[in-house]
Amino acid sequence: MAPKRTKRKSPSPDPQGMFAGMTVFLIEDGVQSLRLQIWKQKLVQMGAKVETQLSEKVSHVFAISSDALFHHVDDDRLARFKGYSPPDLNKGITEIFGKLVNIYRALGDDRRSFKVESADQVKDLPGIGKSMQDHIQEIVTTGKLSKLEQFETDEKVKTITLFGEVWGIGPATALKLYEKGHRTLDDLKNEDSLTNAQVIGLKYFDDIKTRIPRHEAQEMELVLQKVAEDIIPGMVVVCGGSYRRGKASCGDLDIVITHPDGKSHKGFLQNYVKRLKEMKLLREDLIFSTHSEEGTDSGVDTYFGLCTYPGRELRHRIDFKVYPRDIYAFGLIAWTGNDVLNRRLRLLAESKGYRLDDTGLFPATHGSGGKRGSRGTASLKLETEKEVFDFLGFPWLEPYERNL
Ligand SMILES: Nc1ccn([C@H]2C[C@H](O)[C@@H](COP(=O)(O)OP(=O)(O)OP(=O)(O)O)O2)c(=O)n1
Ligand SMILES: [Mn+2]
């Protein structure tokens, strides 16, 4: 058993610390001066430089809330701000809290999961409770959260977290499987209550976890574009997700499709999937749901499955989403992400009396109940991603700038 660590001396600045390379400007509005002092001290201790003015050198601006930020820095300034991206100071915090949320969810504790989930908005919200602040303080100072480590060693949590990583197994199923006595993925191979999709998710568990190098994703996008063009000229096929955001590797392929004429997308996906299966680019199906011809669910067609790089057997996850042209911009934004940006855009829309999702931007009338694509509620007509950002008043971000 490891002995308790003795109290550390006040550490001197660590040039390799977690904030190394950052030049920070702090907006002081709404922050108690003692707290501000602590922040500055921690930033410097962990390798950051703190600037007293918003100069060219500044790489990160920190503010307690977006109000405080916009009060000091106007939109133009932000847009010009090189590589403007909201601060990732809290990345270490949000990652750890994200894990906690998943664990609490897996345990079916909604109250906690709600409470903890607000932590990822912590940089935007002034009113965080005491225990949350303590957790954040612990993460910021030690890079860890002892409570999380305690959880992670717990067998039940470990097991249902593992089961939840199988495609198609959610928290409730994971818990049920645990209660049936299963402890390993091998155990699950003898479980006959699994759905077809879950069986596939289990069979290719390791494959699916293997990331796709960017250049392979690029080649596959080209093939996918060519096959689509062969079926119906003019089809627009874009690989979204982390690929479109310029990442060096991708967890999966998120393919967003439309046709500029507003009608040729209908029924396209069935033919496309058939052709891609003949080519052995698509291998196993997980989910196939079509609405474009009936006009249900906003007319969006969806296919989730497994694919392989030409000449190889290693399975990757692939999603296709086919949007009618008039709501394509919303689909493209949603499937490009990242998830943090999506959440911000949604909250911004809500603050302006709208509801945003991948199928449109809707006036949030009472009683609309948030049902997607329900009849009678038409989306605002916005043709491009830029028009959506502009309408919401969010500074434009190129796809590669959306890694928030
Ligand atoms: N909880 C989620 C999950 C996803 N998305 C959106 C944003 C993502 O960028 C996009 C694609 O989801 P992925 O899980 O495929 O995430 P990425 O493509 O960003 O990363 P990865 O490389 O892991 O695939 O869908 C979201 O808004 N909220
Ligand atoms: Mn992805």
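Remember, predicted model here, so these are calculated numbers, not experimental data.

1. Thoughts on the overall build of the protein
Inference 1: Scanning the protein for helices and strands turns up 18 helices and 12 strands.
Inference 2: Every one of the 404 residues in the protein was classed for burial, and the buried ones make up 28%.
Inference 3: Taking the intrachain contacts of the protein between residues at least 6 apart in sequence as the baseline, contacts between residues at least 24 apart amount to 63%.

2. Things to note about the nonpolar core
Inference 1: Of all hydrophobic cores here, the largest spans 45 residues; its most connected members are Leu 253, Ile 255 and Ile 257.
Inference 2: Among the elements that take part in this core, helix α16 (residues 328-336) stands out by supplying seven residues, more than any other.
Inference 3: Taken domain by domain, the makeup of this core includes at least three residues from each of domain 3 (212-328) and domain 4 (335-366 + 373-399).
Inference 4: Contacts of Ile 255, omitting those with residues within four sequence positions, involve Leu 224, Val 237, Cys 239, Ile 318, Asp 319 and Phe 320.
Inference 5: Within the second largest apolar cluster, 11 residues are counted, among which are Val 24, Ala 48, Val 61 and Ala 63.

3. Notes on the environment of Ile 64
Inference 1: Counting through the fold element by element, Ile 64 comes out in the loop between β3 (60-62) and α2 (66-72).
Inference 2: For Ile 64 and Val 31, which are 33 residues apart along the polypeptide, the C-alpha to C-alpha distance reads 6.9 Å.

4. Some remarks on the sheet that holds strand β2 (residues 49-51)
Inference 1: Spatially, β2-β1-β3 is the arrangement adopted by the three strands of the open sheet, whose pairing is parallel. Strands at the two margins of the open sheet, each flanked by one partner only, are β2 and β3. Neighbour-to-neighbour, the strand axes of the sheet open up by a mean angle of 35 degrees, direction not taken into account.
Inference 2: When strand β1 (residues 23-26) meets β3, the two strands line up parallel, connected through three bridges. Bridge pairing in β3 places Val 24 opposite His 60.
Inference 3: Sheet strands in contact with helix α1 (residues 33-45) are β1 and β2, and its direction is about 175 degrees off that of β1.

5. Remarks on the packing of helix α8 (residues 155-164) against helix α9 (residues 171-179)
Inference 1: Contact pair α8 / α9: the axes reach a minimum separation of 8 Å and the direction vectors enclose 125 degrees. It follows that α8 is oblique to α9 by the angle criterion. Handedness of the α8/α9 crossing: right-handed. Along the contact surface, α8 presents Lys 156, Thr 159, Ile 160, Phe 163 and Gly 164, while α9 presents Pro 171, Ala 174, Leu 175, Leu 177 and Tyr 178.
Inference 2: Here the residues of the contact of α8 with α9 are counted per class, giving seven nonpolar, two polar and one charged.

6. As for the environment of Asp 206
Inference 1: Along the chain, Asp 206 falls in helix α12 (residues 205-209).
Inference 2: Placed 109 residues apart in sequence, Asp 206 and Arg 315 show a C-alpha to C-alpha distance of 8.9 Å.

7. Points about the site of ligand 1
Inference 1: The full set of residues close to ligand 1 is Gly 241, Ser 242, Cys 250, Gly 251, Asp 252, Asp 254, Ala 334, Trp 335, Gly 337, Asn 338, Asp 339 and Asn 342.
Inference 2: Elements supplying a minimum of two residues to the shell around ligand 1: α14 (241-244), α16 and α17 (339-351).
Inference 3: Partitioning the shell around ligand 1 into residue classes produces three nonpolar, six polar and three charged.
Inference 4: Counting the residues that make up the shell around ligand 1, at least three belong to each of domain 3 (212-328) and domain 4 (335-366 + 373-399).

8. Considerations on the pairing of β1
Inference 1: Sheet analysis places β1 next to β2, joined by three bridges and oriented parallel. Residue pairing in the sheet places Val 24 in a bridge with Val 50 of β2.
Inference 2: Handedness of the crossover joining β1 and β2 through α1: right-handed.

9. With respect to the pairing of strand β9 (residues 301-308)
Inference 1: Inspection of the sheet shows strand β8 (residues 282-289) paired to β9 by five bridges, in the antiparallel sense. Within the sheet, the bridge partner assigned to Ile 287 lies in β9 and is Phe 304.
Inference 2: Counting the residues that bridge the hairpin from β9 to strand β10 (residues 315-322) gives six residues, and of these Gly 311 lies at a positive phi of roughly 80 degrees.

10. Points about α9
Inference 1: Among the residues of α9, Ala 174, Leu 177 and Tyr 178 are the ones counted as buried. Take α9 and look down its axis: the buried residues cluster within an arc of 100 degrees, on one side only.

11. Describing the sheet that holds β8
Inference 1: Strand order in the open sheet made by the five strands is β5-β7-β10-β9-β8, with mixed pairing throughout. This sheet does not close on itself; its edge strands, each paired only once, are β5 (236-239) and β8. The sheet shows a mean angle of 20 degrees between the axes of neighbouring strands, direction not considered.

12. Let's talk about unusual backbone geometry
Inference 1: Looking along the chain, the bond that leaves Gly 337 and enters Asn 338 is cis, with omega of 5 degrees.
Inference 2: The residue Asn 338 is located in the loop between α16 and α17 in this model.
Inference 3: Phi is positive for Lys 280, which is not a glycine, with a value near 65 degrees.
Inference 4: By secondary structure assignment, the location of Lys 280 is in the loop between α15 (268-278) and β8.
Inference 5: On the neighbour-count criterion, Lys 280 (12 C-beta atoms within 10 Å) is exposed.

Conventions adopted
Residues numbered from 1 in each chain as written. Chains lettered and ligands numbered in written order. Predicted model: local features only at pLDDT ≥ 70, side-chain atom pairs only at ≥ 80, totals over all residues. Helix = DSSP H or I, 4+ residues; strand = E, 2+ residues; numbered from the N terminus. Buried ≥ 20, exposed ≤ 12 C-beta atoms within 10 Å, placed from the backbone. Contact = placed C-beta atoms within 7 Å. Core = buried A, V, L, I, M, F, W, Y, C linked by C-beta atoms within 7 Å. Domains from an automatic or database assignment. Pairing = 2+ DSSP bridges. Axes fitted to C-alpha atoms, helices over the stretch in contact; angles between N-to-C directions. Parallel < 35°, antiparallel > 145°, perpendicular 65-115°, else oblique. Left-handed = near helix turned anticlockwise from the far one by under 90°. Nonpolar A, V, L, I, M, F, W, Y, C, P; charged D, E, K, R; others polar. Near = placed C-beta within 6 Å. Right-handed = clockwise from strand over helix to strand, strands pointing away. Arc of directions from axis to C-beta.

By themselves these figures say nothing about function.
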